[in-house]
Every structure is written in C-alpha cells, then in structure tokens.
Amino acid sequence: MILLEHAPALAIAVPLLAALATPLVSKAGKRIRNLWVILSLAFAEFVVIMLGRDVLAGNVHVYSVGASVPSLTSTGGFPIRIILVADAMSALVSLAAMSIALLAAIYSWRFMEEHHSLGLDKFYTLLLLLAAGMMGLSLTGDFFTLFVFIEVVSISSAGLIAFFSSGESFEAAFKYMVISATGSLLLLFGIGLLYGKYGMLNMAAIANEVSMQHSFLDIAALSLMVSALLLKSGSVPVHMWKPDAYQEAPAQVVIMMLTITLLSLYVMFRICFSVFSLVLPVTMGWLIVILGAMSVFVGVTMAMPQRNLKRLIGYAAVAEIGYVMLGAGTGLIAMPNVSGFAMQALSGGIFHMINDVLDLSLMLLAAGTVFYITRQQDINEVGGLAHKSGYLAVLFMISMLAIAGMPPMGGFASKLMIYESVYYFNPLLSIIGILGSIMLLAIFVKIFASVFLGVPYKGSVRQVPKSMMFAMCVLAFFILFFGIFPNLALDLLITPAAEALINPQAYIGGVV
Amino acid sequence: MTGFVLTTAAGHWDPLLWLAAFIIILAIVYIIRSRGYKKYKRGTEQTLPFFSGNLPPVANIRSSNMYWGFFEAMGRYYKWLRRAHTGVVNDYVYSFVMLLVVILAAMTLGGLL
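Residues numbered from 1 in each chain as written. Chains lettered and ligands numbered in written order. Predicted model: local features only at pLDDT ≥ 70, side-chain atom pairs only at ≥ 80, totals over all residues. Heavy atoms only, no water.

A.B. asks: Just checking my understanding: could you explain the overall build of chain A for this structure?
C.D. replies: Within chain A, the secondary structure is distributed over 20 helices and 2 strands. For 512 residues, the compact-globule estimate of 2.2 N^0.38 gives 24 Å, and the C-alpha radius of gyration of chain A, at 22 Å, lies within 12% of that figure. Reported as C-alpha extents along the three principal axes, the dimensions of chain A are approximately 70 × 60 × 40 Å. Counting across all 512 residues of chain A, residues that qualify as buried make up 66%. A sequence separation of at least 24 residues applies to 81% of the contacts in chain A between residues at least 6 apart. A total of about 16,100 Å² of accessible surface is found on chain A, and carbon and sulfur atoms cover 69% of it. A gap of 11 Å separates the mean positions of the 23 positive and 23 negative side-chain charges of chain A. (Helix = DSSP H or I, 4+ residues; strand = E, 2+ residues; numbered from the N terminus. Rg over C-alpha atoms; globule rule 2.2 N^0.38 Å. Buried < 20%, exposed > 50% of the residue type's maximum accessible area, 1.4 Å probe, protein only. Contact = heavy atoms within 4.5 Å. Areas by Shrake-Rupley, 256 points an atom, 1.4 Å probe, with all protein chains shown as cover. Lys, Arg positive; Asp, Glu negative; His and termini not counted. Charge placed at Lys NZ, Arg CZ, Asp CG, Glu CD.)

A.B. asks: What am I meant to see in the overall build of chain B here?
C.D. replies: Secondary structure summary: chain B contains 4 helices and 2 strands in total. In chain B, buried positions account for 20% of the 113 residues. When the accessible surface of chain B is totalled, it reaches about 9,000 Å², and 67% of it is carbon and sulfur.

A.B. asks: How should I be thinking about the interface of chain A and chain B in this particular structure?
C.D. replies: It is common to give the size of an interface as the accessible area that goes away when the parts come together. Taken together, the contact pairs 68 residues of chain A with 46 residues of chain B. For the chain A face of the interface with chain B, the top three residues by lost area are Met240(A), Asn380(A) and Lys446(A), together amounting to 12%. Here chain A and chain B share 0 salt bridges between them. At the junction of chain A with chain B, the criterion picks out 9 residue pairs in polar contact (both at pLDDT 80 or more). If you tally residues by element for the side of chain A that touches chain B, the top one is helix α9 (residues 216-233) of chain A, at 11 residues. Its residues placed into classes, the side of chain A that touches chain B shows 46 nonpolar, 15 polar and 7 charged. (Buried area = accessible area lost by both parts, 1.4 Å probe. Salt bridge = Lys/Arg side-chain N within 4 Å of Asp/Glu carboxyl O. Polar contact = N/O pair within 3.5 Å; in protein donor to acceptor, adjacent residues only side chain to side chain. Nonpolar A, V, L, I, M, F, W, Y, C, P; charged D, E, K, R; others polar.)

A.B. asks: Looking at this structure, how should I read the side chain of Ser347(A)?
C.D. replies: Among the structural elements, Ser347(A) can be located in helix α14 (residues 340-374). Discounting residues that sit within four places of it in the chain, Ser347(A) has contacts with Met417(A), Leu490(A), Ile494(A) and Ala498(A).

A.B. asks: I tried to follow the pairing of strand β2 (residues 83-86) of chain A on my own but got confused; where do I start?
C.D. replies: As a general feature of sheets, a regular strand has side chains that alternate between the two faces. All names here are of chain A. With burial as the criterion, each face of β2 is covered, one bearing Ile-83 and Val-85 and the other bearing Leu-84 and Ala-86. In this sheet, β2 lies alongside strand β1 (residues 61-64) in antiparallel orientation, the contact comprising 4 bridges. The residue bridging Tyr-63 from the neighbouring strand is Leu-84, located in β2. (Pairing = 2+ DSSP bridges.)

A.B. asks: Can you help me understand the nonpolar core in this one?
C.D. replies: A general tendency of soluble globular proteins is for nonpolar side chains to be buried together. Of all hydrophobic cores here, the largest spans 227 residues; its most connected members are Phe143(A), Met256(A) and Phe276(A). Apart from residues no more than four positions distant in its own chain, Phe276(A) is found in contact with Leu194(A), Val210(A), Asp218(A), Leu222(A), Met225(A) and Ile271(A). (Core = buried A, V, L, I, M, F, W, Y, C linked by side-chain atoms within 4.5 Å.)

A.B. asks: How should the packing of α14(A) against helix α19 (residues 486-502) of chain A be read in this particular structure?
C.D. replies: Residues and elements named next belong to chain A. Contact geometry of α14 with α19 gives a least axis separation of 9 Å together with a crossing angle of 115 degrees. Taken as axis vectors, α14 and α19 run roughly perpendicular relative to one another. Seen along the crossing, α14 lies across α19 with a hand that is right-handed. Together, Met-343, Leu-346, Ser-347, Ile-350, Phe-351 and Ile-354 of α14 and Pro-486, Ala-489, Leu-490, Ile-494, Thr-495, Ala-497, Ala-498, Glu-499, Leu-501 and Ile-502 of α19 make up the contact between the two elements. Split into classes, the residues belonging to the contact of α14 with α19 amount to 13 nonpolar, 2 polar and 1 charged. (Axes fitted to C-alpha atoms, helices over the stretch in contact; angles between N-to-C directions. Parallel < 35°, antiparallel > 145°, perpendicular 65-115°, else oblique. Left-handed = near helix turned anticlockwise from the far one by under 90°.)

A.B. asks: So what exactly am I meant to see when it comes to the environment of Leu428(A) here?
C.D. replies: Residue and element names in this part refer to chain A. Locating Leu-428 in the fold gives a position in helix α17 (residues 427-452). Assessed through its relative accessible area of 52%, Leu-428 is described here as exposed. Put simply, Leu-428 and Leu-16 are 412 residues apart on the chain and 46 Å apart in space, counted from C-alpha to C-alpha.

A.B. asks: What exactly am I supposed to notice about the packing of α14(A) against helix α18 (residues 466-484) of chain A here?
C.D. replies: If you want to describe how two helices pack, look at the angle between their axes and the distance between the axes. Residue and element names in this part refer to chain A. Between α14 and α18, the shortest axis-to-axis distance is 10 Å and the interhelical angle comes to 150 degrees. By the angle between their axes, α14 is roughly antiparallel relative to α18. Both α14 and α18 take part in a crossing whose hand is left-handed. Residues Phe-351, Ile-354, Asn-355, Leu-358, Asp-359, Ser-361, Leu-362, Leu-365, Ala-366, Thr-369 and Tyr-372 of α14 pack against Met-468, Ala-471, Met-472, Leu-475, Ala-476, Phe-478, Ile-479 and Phe-482 of α18.

A.B. asks: Quick question: what am I supposed to make of the layout of surface pockets here?
C.D. replies: To find the voids left in a structure, one rolls a probe of water-molecule size over its atoms. Space inside the largest pocket adds up to approximately 680 Å³. Forming the walls of the largest pocket are 29 residues, and the residues nearest its centre are Leu95(A), Ser99(A), Phe478(A), Phe482(A) and Leu493(A). Listed by contribution, the elements that provide at least two residues to the lining of the largest pocket are α3 (30-56), α4 (88-111), α14, α18 and α19 of chain A. Among the elements that make up the lining of the largest pocket, the one with the highest residue count is α4(A) (10 residues). The residue makeup of the lining of the largest pocket, split by class, is 25 nonpolar, 2 polar and 2 charged. Computed from the structure, the second largest pocket encloses a volume of approximately 420 Å³. Val236(A), Pro237(A), Met240(A), Met294(A) and Trp80(B) are the residues nearest the centre of the second largest pocket, which is lined by 20 residues in total. Looking at the lining of the second largest pocket, the element that brings in the most residues is helix α4 (residues 89-112) of chain B, giving 6 residues. Grouping the amino acids of the lining of the second largest pocket by side-chain chemistry returns 15 nonpolar, 4 polar and 1 charged. (1 Å grid on protein atoms, 1.4 Å probe; cavity = no way out; pocket = protein on both sides within 12 Å on 5 of 7 lines; lining within 4 Å. Points joined across faces, edges and corners; volume = space filled by probe spheres on them.)

A.B. asks: Even after reading the chapter, I still don't get the packing of aromatic side chains, so can you show me in this structure?
C.D. replies: For the structure on display, the rule yields 28 aromatic pairs over all chains. Site record: aromatic cluster; members linked through ring pairs are Phe297(A), Phe70(B), Phe71(B), Tyr77(B), Tyr78(B) and Trp80(B). Its guanidinium or amino end placed over the ring of Tyr323(A), Lys415(A) lies 4.2 Å from that ring's centre, counting from NZ or CZ. In this structure, Arg462(A) packs its charged tip against the face of Tyr372(A), placed 4.1 Å from the ring centre. (Phe/Tyr/Trp six-rings, centres within 6.5 Å; stacked < 30°, edge-to-face > 60°. Lys NZ or Arg CZ within 6 Å of the ring centre and 35° of its normal.)

A.B. asks: Any chance you could explain a nonpolar patch on the surface here in plain terms?
C.D. replies: Where nonpolar side chains cluster on the molecular surface, the patch consists of Phe144(A), Val148(A) and Leu188(A) and spans about 220 Å² of accessible area. Its place among the elements puts Leu188(A) in helix α7 (residues 167-198). (Patch = residues over 30% accessible without salt bridge, like charges linked within 9 Å, V, L, I, M, F, W, Y side chains within 5 Å.)

What follows is the structure, given as structure tokens:
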C-alpha cells in the first residue's frame, strides 16, 4: 500500500537513482550492470502498472513531493510544492513510456556489446536519465517541473544521439541541442508569463484562475508553449531535426526519442484540454488539425526518396504524429462539448499515439537489427535477407502493415476511428489521411522488397541475438493484440484517458 | 466477445470476421496451388523468372530505382521540398520562428473573434 501511495514519486526516483548509481555498479562487471539497469526499469514498470490500475478505476492520484501527507496538495488552497498528478491519461502515457524504456534496455544488452570501448556505463546512465525524464514529463503537475524534465530529456537525448562519436552523430546532436534549447527557452518564456500574471506554477491552480480571468497574456503564453511543444514533437514545419537525429542515434535510443515526441504531444494536449480548455479559441484546434494534415503529407513524400532506413523512418514518424494531431485536434475544435464523432476523433488520436509508439518502435528495432546483422545502413546495399533471417522479415512486415494501417494490426483500428470522425468535420482531411496511409504502404513495400526479397545478400549475415528478438516480439504481440481486441484496449485504456483529458474540472478538483 | 468488435460512431469493425475471411482465402490459395504443375523441380531452370527470353538480372532492383515515374512526375514538388530541407540548423530555427508567428497571429485573431 505504501508503494502505491508513493508510486508517482517512485516512477521518477527509481530510474533517476539507478542512473546515478550505474557508473558505480559498472565496476562490478558488464553483466551485473546490464541486470541492474533492466531490473531498475522493471521495478519502475511495476510501480507504473500499479499506479495505472489505481487511476484507471477513475481516481486522480495526486502526490505532493516532500509533504508529510503526500496527498495534501494545497494547504490553505494554494499549492506551493512540486505536485505530481496521475490520472488515466498520464498513467497511460507513463506506462507506454516506461515499457519502451524497458524494451530499449533489453534490446541494448547485445546490440551495444560491441561498442563497450565507447563507455557503456555512460550509455546506460543516460538511458536511465531519459527514462526518469519521460516519467517526469508524464506525471508532472506544475509548469516549472515540466521545464526541468524537458531539459533532462533534451540533454540526455543529445548525449545519446552523439554516442557513436562520429562526425555525423556530433552534428545531429548539435542540431538537436540548438533546436531543443530554442524550444525550451520559449517554453520557459511562456511559463514566465503565466507566473508573472498568477504568481503560481501549478497547472490545476492556473487552470482554475484562467477560467475566471483570462487576457491576451494567457493567449501569448499558450502560443509560446504550444509552438515549443510542436517543435519537440517534430510536427511540420519544425520537423527537420527528427530525421537527422534518428539517422545517427542507436535504434533503441531512437525508440525512446520517438516516445518523447509523443509525450510532448501529450503535454501539449494536457495544457490545451486541462489548463486552457475553457478559454481556448477554436483556431487552436484547427491549427493543430492543419499542421497534422501537413505533417502527414510532407512526412510521407519526404520518406519516399530516402535511402537510409532510419532516416526514412524518421520522416514516417513525422507523418504518423500527423494522424495523432488530426484526431486530437478535432477533439479540441469541439471543446468543451466533446461527444459523438469528436470524442471518437480524440479517442482515435490517443489510441494512435500508443499504436504509433508500438509500430514505429518495432520498425526501428527491426531496422537496427538489419544494421546489426549486415553492418549496412544503406538499403540499396542489402537484399534477400528473408532467406537468412525469416523471423526478422515477419516482424518487419508486421510493423510495416501496422504503420500503413492495415488490418488486423492496431494501427488500422485507430486510423479507422480518425478517418471516420475527421471526415465528419472535413472530408479533405480524411482524404489526406488515407492517401498518406497508401503512400506509407508503398514506401514500406519498397523497403521490404529491397531489403528482404530478391537475390540473397552476398556479405556475411550474423544471427539475431535472443534479447533483440525478444524486445521485437513483445512489440509485435501488442500490435496484434490491439488489432484483434481493439474494443478491449478502448474500454480499459483509451476511453478513460480521453475522458480524463476532456474533463478539466476533475483534474482541477483533484489538485486544488 | 465484446473485446473483438470496435464500435465507431458510424459503424463497426470486427477483426474476427476479417481473420476468418483471411484464413478462408489462404485455404483457397493453398488448394489452387496444390492443384498446380506436378513436375516442378526446385533449383532448375524452371524456377528462374521469365524475362522475355533474356537472361534474368542477377542483382536486385535497387530501392532508389523504384517509383522512378512517381519522382519524375512530382519533380517540381520534390525540387521545392528538397530546397526547404537544407540541413542547416539556422533554417530549422527560422521555421520555428515562422511557426510561432503564425500560431500567435491565429490565436490572437481567434481570441478576438
């Protein structure tokens, strides 16, 4: 019970403390260090699952850091401490983020073995820091802590992008740092405006104040924060850092960066739906929808001519977040009366957020495995791998069909919900979405034909290690599970999350 | 069995029915295949692809050669798109500033209306 009471703090503290201890644990040997990292993340995953079970029952779990009674958040009606808030939505994204971090650590065991000369204790320290940052982003209830965790995530991501220490990886990390710092600066500026006006940083308390007295300053702060978070999520037209970074970072780091882009979207939706929902101009929803449609189109058309597999997936990831923005943006347009098609669009957007993490992660890990077994990044140089690695071909095909939204994968169910509901608002948006999916399928058919079919690859091909195969199989299982049981996923996870998002009063009431 | 059927605002999607149809189609394909040419021998010339009487190509078709017609037809669009993706970090920041201006303008107008 005490574990559940402190679960929000533990979800952040466990990977954070594990990260600090990793350089010391590394002295005991490689195997012990790897086990330490995986067990720490597995324990954090257990804590997040416990928290999820609690909040999916309809509770808002509030945790006041450092208070003698953690559930006591606002003595005298004014929240001053760092407050962590877990509702169905934040629990869902923290569960997805921690699961991806755990799979990344399992995948790394053999993948990183040959790079031990680069200092794997540093790699795992940054990986754990990234996991702690992701938990902080999911669970924070105040704006300044949000800024701190965005910085934690940005700095550890930059370190991991540069990990292979090549000229290109340093360049990609530098670009990422510049872009991240610019975004963080404007995010901080927006937070500063709110602090200047209301004298507080707690999201729920500010939401309460905004609903009573809002002005142009709120709109300016919201615009600054939304722009910064769109930059972090890699939406068009601020998507260019994404393929650069994805191309150079190790595959398992890229899946964590992909999760971070979706967490940025979550934070943006949290700010729009829970903090500013009552004063939000309808143009915000339309802006997100239009940027989403642009992301789908530009993402797929830029993915098509790419030759580097991870760079190509980077552009596909730009297109995929476009679908999430289409769905959630439609929900925003309908705020505060989200029901019927608008509710379906929002649920579809949230469902696609989860499917997106699963589908693209599987494809990125499969791409990393192709690199691991052949030592080739250029897809022109490999072919016929299905002859030598049939299971990898099947896993790649599952991810390919899921990203393109083909049945019976999870991606189909969420895209169906988005197409149908967005059509109700504007048929053109639906047509762009469907066209994007067709083009994604065309792109990945090309990749599949080029990499896995045809004359077998002449160079040496290594066996796929079990740890890497395990991580990919887990992702494939959930892709198929969400595809075959879409309603189960909606009832248990997605609908409670969407309801938590569209109900700002429950969020505010849970804290203040 | 409610976990299977996804009920949307305008209809429903039943993955179980889709799986059943998929399995039936697979069975039909298998039956047709099993009634095929019996004297087929693996590893002989019978297995080589037919290439208008010429020797079949020994190398794979490279990924960058696929969809050549699409890229030709969309040449102007791709020229514009490539020009926008310079890889220079200053341009990335410039795009961000443009986005910020657009959002601020749209939100201000939306707030006033």
